[in-house]
There are 2 protein chains.
Amino acid sequence: MRHFELLTLGDELLLGLVGNSHVTFIGSQLARRGVMLQRNITLGDDAGAIARQFAESWRAADVVITTGGLGPTCDDRTREAVARELGQKLVHDENVERALRERFERFGMCMTANNLKQAQRPERAEILHNPNGTAPGLWVEQDGKVLCMLPGPPNELRPMFTEQVMPRLARLGFIAGEEAYVQMRTIGVGESLLETKLQPVFDSHGASDPARLSVAYCAHPGAVDCRISSPGGLLSRTQLENIACECTAQLGENLLCVGHDELPRVVARLLVANKRLLAIAEDATGGMLANCFNDIPELNHFFAGAAVCHTHESKMQLIDVPEEVLLQHDGASDEGAIAMATGAAERMGADYALAITGFEYNSRAGNEHGGPVHIGMYSPHGAWAKTVTYPGPPLALRQRALTAALDWLRRELLKEKNTQS
Amino acid sequence: MRHFELLTLGDELLLGLVGNSHVTFIGSQLARRGVMLQRNITLGDDAGAIARQFAESWRAADVVITTGGLGPTCDDRTREAVARELGQKLVHDENVERALRERFERFGMCMTANNLKQAQRPERAEILHNPNGTAPGLWVEQDGKVLCMLPGPPNELRPMFTEQVMPRLARLGFIAGEEAYVQMRTIGVGESLLETKLQPVFDSHGASDPARLSVAYCAHPGAVDCRISSPGGLLSRTQLENIACECTAQLGENLLCVGHDELPRVVARLLVANKRLLAIAEDATGGMLANCFNDIPELNHFFAGAAVCHTHESKMQLIDVPEEVLLQHDGASDEGAIAMATGAAERMGADYALAITGFEYNSRAGNEHGGPVHIGMYSPHGAWAKTVTYPGPPLALRQRALTAALDWLRRELLKEKNTQS
């Protein structure tokens, strides 16, 4: 197994001004190709510390990936420090300068002298093109190792990593050329029950030899992923997919997907397939449920909208919750949840509606307690509610309520789809 | 300056299954007390790698903080590895066992044998009490250095860090006993204009000697923070606060706050002070604007609710946007923004309303472009709209639009407050 290290550079990360999203992104991309990052080290902008750390990581690792420290300002010393460690000169790259000048011109901006620093590269480095920003990435192969330097902004780093770095790493055989495992995502079965259900399938395919078939479970709040792989390469990807296919028969509606889809996206796809429109009403989650669908293309084809209601008046005026329902338990009840879902669906002309209500006033005061939260569902086939409690802090409770609500809708849409077809 | 290192432990961090929120939290807490983390190292659950890294960090640093690896499952080997490096025996702590048994009993859960591992501590370690979970923290002073081991779940780590670790570090003189700087947060002035405005004030207080008065600027999207400190201790905190006070006169409404408040909290406080109720309507930001206020206590005292509208029908039915407005530009216009704000305020009986509309259909297809986004404002004094464009990816544009909308409201509320008083 190759040794991968990630150096994330920038005072802003250590000062807590910006979260380190790079380790999360790069770590998960590599894991999908069968590699686990060995170490992630975050350092500030001190050139000496960067040089020392790079020297140590370069000795220990087969692949060193750096992020940040490639910009034009004077605290970006990464390039110099690294070139010195590699024993390479920094040279000026004409093509990068030309691309920089064109970019500045296109945006009508003035290019300052220090921008030219970004055209410097170690003499034997290759340039990774950056269509989304000024600092190009750098790729160095030396002594059978790889150094890959990426710009800090996530919208520049991410496409560069998936489109340029991953294929290069695969070509060198440092990561798998395709997904290293087949993943089944499940909701509504605990980890041990899941294992009991699936183990007979895996046993029949030789899971007693983990080089042949390796099985790993990963639990999330309210959901469990199961990943199968063949570390020794004895099973092909098609064979792994066939095993996953056998598992799906055991899982029924508890299977969310085979692959990496998230719950909101699965729900969105079912809504589109069933030609159904969704409405939402929420108080406890304050817009989080509406926000789940925010990055799904063409969401206006399946999502009418949401009413986020924090006062009785807004509940009555926006989605016609009857006053008498609000006078009982502040509306935070199963009846309140049904009234919110029904009102939202009818007002927005939607086929389905989800509502989440409850626990708001206490939880915002910071108490640790477990709800209850009431989830309401309106559908063409009826309207119902269920009550959900979880121990833990308010944010965890909100997340659990979101998952429970979306999963309930997913199961209703599946039923409907199976009836139609 | 003491050397602080943070070791964040757990395969899940390197596999990208969970973000590393610990470096962000601990880094910012330490920065407020005048200390910058020197290094953050994330490692998996491999006991050998943990032992090697701990040995290296313990040699280099004055303070080593670890997170995670204290739980009951078999991959949590931190305790053993670290005790060995310190040359201390692991001993069983009766008090921790008693607290564990009480906690399990209180939640009606069964305590398994491996939970008892959490009662083990290096012989000369002190226990940091954990009211929010099972794994206690550990505190070791040895060779003039400090080792502090914290549990992984953020809701357990955070209060333990601020309530127990920070006071201990301050008592040892490893961090400042109070905030190390005075921060002014500004919105609406660029960094260089801000510097031009404030430099004369700083110069008059001896900023030519940075040991006496040190000034640092930190730019965020649409906002700039300015922090002043006295690294040599020549100015007291009261003197720094007086200098900040002089600056506020230069800043006028561009001052968001002196301290660490976020924009939504400042807006919330003004709404409460002015006894005003807010309503929101949004499409482009899909619930993000509503969600800004989600963690503010008693939000129902100042926030009526939000209409998140993705279809014409929901805009007409929820907040009475006239059909003819929607037929022009899909409603994504200044007129559309005003109609959304006005409708939301009137429906929900609110005094003020903000609306954000635009760019939704293109941005969701993943195009990089800069808007436009239309922001509508309804107030007791009139209704207006402004158009906002920014280059960059959709998420950045949404963030900018949120900041612009909230800041506009903040300025209106300030005007109103000043008129009243």
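In the block above lies the structure referred to throughout.
Residues numbered from 1 in each chain as written. Chains lettered and ligands numbered in written order. Predicted model: local features only at pLDDT ≥ 70, side-chain atom pairs only at ≥ 80, totals over all residues. Heavy atoms only, no water.

**As for the packing of aromatic side chains**
Residue and element names in this part refer to chain A.
Alright, step 1. For the structure on display, the rule yields eight aromatic pairs over all chains.
Alright, step 2. Where Phe25 meets Phe161, the ring centres are 6.1 Å apart and the plane angle is 75°; that geometry is what we call edge-to-face. On the criterion of sequence distance, the pair formed by Phe25 in helix H2 (residues 21–32) and Phe161 in helix H6 (residues 154–171) is long-range, its members being 136 residues apart.
Alright, step 3. For Phe161, a relative accessible area of 0% puts it in the buried group.
Alright, step 4. Grouped by ring-pair contacts, the aromatic residues Phe293, Phe302 and Phe303 constitute a single cluster.
Alright, step 5. Across the ring face of Trp139, the terminal group of Arg168 is positioned such that the distance to the ring centre comes to 5.4 Å. (Phe/Tyr/Trp six-rings, centres within 6.5 Å; stacked < 30°, edge-to-face > 60°. Helix = DSSP H or I, 4+ residues; strand = E, 2+ residues; numbered from the N terminus. Buried < 20%, exposed > 50% of the residue type's maximum accessible area, 1.4 Å probe, protein only. Lys NZ or Arg CZ within 6 Å of the ring centre and 35° of its normal.)

**Here's the deal with the sheet that holds strand S12 (residues 255–258) of chain B**
Note: strands within a sheet are paired through backbone hydrogen bonds, in either parallel or antiparallel orientation.
All names here are of chain B.
Alright, step 1. Spatial ordering of the open sheet is given by S10-S11-S9-S12, a layout of four strands whose pairing is antiparallel. Of all the strands in the sheet, the pair left with one neighbour each is strand S10 (214–220) and S12. The average angle at which neighbouring strand axes cross in this sheet is 20°, direction not considered.
Alright, step 2. For strand S9 (residues 182–187) and strand S11 (residues 223–229), the ladder comprises six bridges, and the chain directions are antiparallel. Note on S11: the bridge partner recorded for Val182 is Ile228.
Alright, step 3. Sheet strands touched by helix H7 (residues 191–204): S9, S10 and S11. Its angle to S10, the strand with the most contacts, is close to 160°.
Alright, step 4. Packed on one face of the sheet, helix H8 (residues 237–251) meets S9, S11 and S12 and runs near 15° to S9. (Pairing = 2+ DSSP bridges. Axes fitted to C-alpha atoms, helices over the stretch in contact; angles between N-to-C directions. Contact = heavy atoms within 4.5 Å.)

**Regarding the pairing of strand S7 (residues 137–142) of chain B**
Residue and element names in this part refer to chain B.
Alright, step 1. In terms of residue burial, S7 counts as a mostly covered element, since five of its six residues are buried.
Alright, step 2. Pairing analysis gives five bridges linking S7 to strand S8 (residues 145–150), with the strands arranged antiparallel. Each bridged residue has a counterpart across the sheet, and for Gln142 the counterpart in S8 is Lys145.
Alright, step 3. In this antiparallel pair of consecutive strands, S7 and S8, the connection spans two residues, and Asp143 shows a positive phi of 55°.

**Considering the pattern of salt bridges**
Alright, step 1. Summed over all chains, the structure comprises 38 salt bridges over all chains.
Alright, step 2. Here the salt bridges do not stand alone but share partners, grouping Glu5, Arg39 and Glu56 of chain A into one network. (Salt bridge = Lys/Arg side-chain N within 4 Å of Asp/Glu carboxyl O.)

**A short note on the interface of chain B and chain A**
Alright, step 1. Residue-level contacts link 67 residues of chain B with 67 residues of chain A.
Alright, step 2. Carbon and sulfur atoms supply 56% of the area that chain B and chain A bury against each other, a total of about 5,200 Å² over both sides.
Alright, step 3. Inspection of the chain B/chain A interface yields two salt bridges.
Alright, step 4. The element best represented in the side of chain B that touches chain A is strand S14 (residues 303–309) of chain B, accounting for seven residues. (Buried area = accessible area lost by both parts, 1.4 Å probe.)

**Notes on the side chain of Thr285 of chain B**
Alright, step 1. Among the structural elements, Thr285 of chain B can be located in the loop between strand S13 (278–282) and helix H10 (288–291).
Alright, step 2. Taking relative accessible area as the criterion, Thr285 of chain B reaches 0% and is therefore assigned buried.
Alright, step 3. Looking at Thr285 of chain B, its side chain comes within polar contact range of the side chain of Glu282 of chain B, at 2.7 Å.
Alright, step 4. Apart from the residues within four sequence positions on either side, Thr285 of chain B is in contact with Asn291 and Asn294 of chain A together with Ile356, Arg398 and Leu402 of chain B. (Polar contact = N/O pair within 3.5 Å; in protein donor to acceptor, adjacent residues only side chain to side chain.)

**Notes on the packing of helix H3 (residues 47–60) of chain A against helix H4 (residues 78–86) of chain A**
Residues and elements named next belong to chain A.
Alright, step 1. Orientation of H3 relative to H4, taken along the N-to-C sense of each, is 40°, at an axis distance of 9 Å. As far as their axial angle goes, H4 and H3 are oblique. The element H3 and its partner H4 pack so that their crossing is right-handed. Packed against H3, whose contacting residues are Ala47, Ile50, Ala51, Phe54, Ala55 and Trp58, the element H4 presents Thr78, Ala81, Val82, Glu85 and Leu86 at the interface.
Alright, step 2. Of the residues in the contact of H3 with H4, the class split is nine nonpolar, one polar and one charged. (Parallel < 35°, antiparallel > 145°, perpendicular 65-115°, else oblique. Left-handed = near helix turned anticlockwise from the far one by under 90°. Nonpolar A, V, L, I, M, F, W, Y, C, P; charged D, E, K, R; others polar.)

**A short note on the relation of the copies chain B and chain A**
Alright, step 1. After a rotation of 180° and a shift along the axis of 0.0 Å, chain B superposes on chain A with an RMSD of 0.0 Å. Interpreted geometrically, this transformation is the action of a two-fold axis.
Alright, step 2. In this assembly, 100% of the residues forming the interface of chain B have copies in chain A that are likewise at the interface, indicating an isologous arrangement. (Least-squares fit on C-alpha atoms with pLDDT ≥ 70 in both.)

**Concerning the sheet that holds strand S11 (residues 223–229) of chain A**
Residues and elements named next belong to chain A.
Alright, step 1. The four strands are arranged S10-S11-S9-S12 in an open sheet whose pairing can be described as antiparallel. Of all the strands in the sheet, just strand S10 (214–220) and strand S12 (255–258) have a single pairing partner and so form its edges. The mean inter-strand angle of the sheet, taken between neighbouring strand axes irrespective of direction, is 20°.
Alright, step 2. Lying on the sheet, helix H8 (residues 237–251) is in contact with strand S9 (182–187), S11 and S12; it crosses S9 at an angle near 15°.

**A short note on the packing of helix H9 (residues 263–273) of chain A against helix H15 (residues 394–420) of chain A**
Axes are the key here: two packed helices are described by the angle between their axes and the distance separating the axes.
Residue and element names in this part refer to chain A.
Alright, step 1. H15 packs onto H9 with a crossing angle of 30° between their chain directions and a minimal axis gap of 9 Å. Classified by the interaxial angle, the pair formed by H9 and H15 is roughly parallel. Considering only the axes of H9 and H15, their crossing is left-handed. Touching Leu263, Pro264, Val266, Val267, Leu270 and Leu271 of H9 are Thr403, Leu406, Asp407, Leu409, Arg410, Leu413, Leu414 and Lys417, all from H15.
Alright, step 2. Residue composition of the contact of H9 with H15, grouped by class: 10 nonpolar, one polar and three charged.

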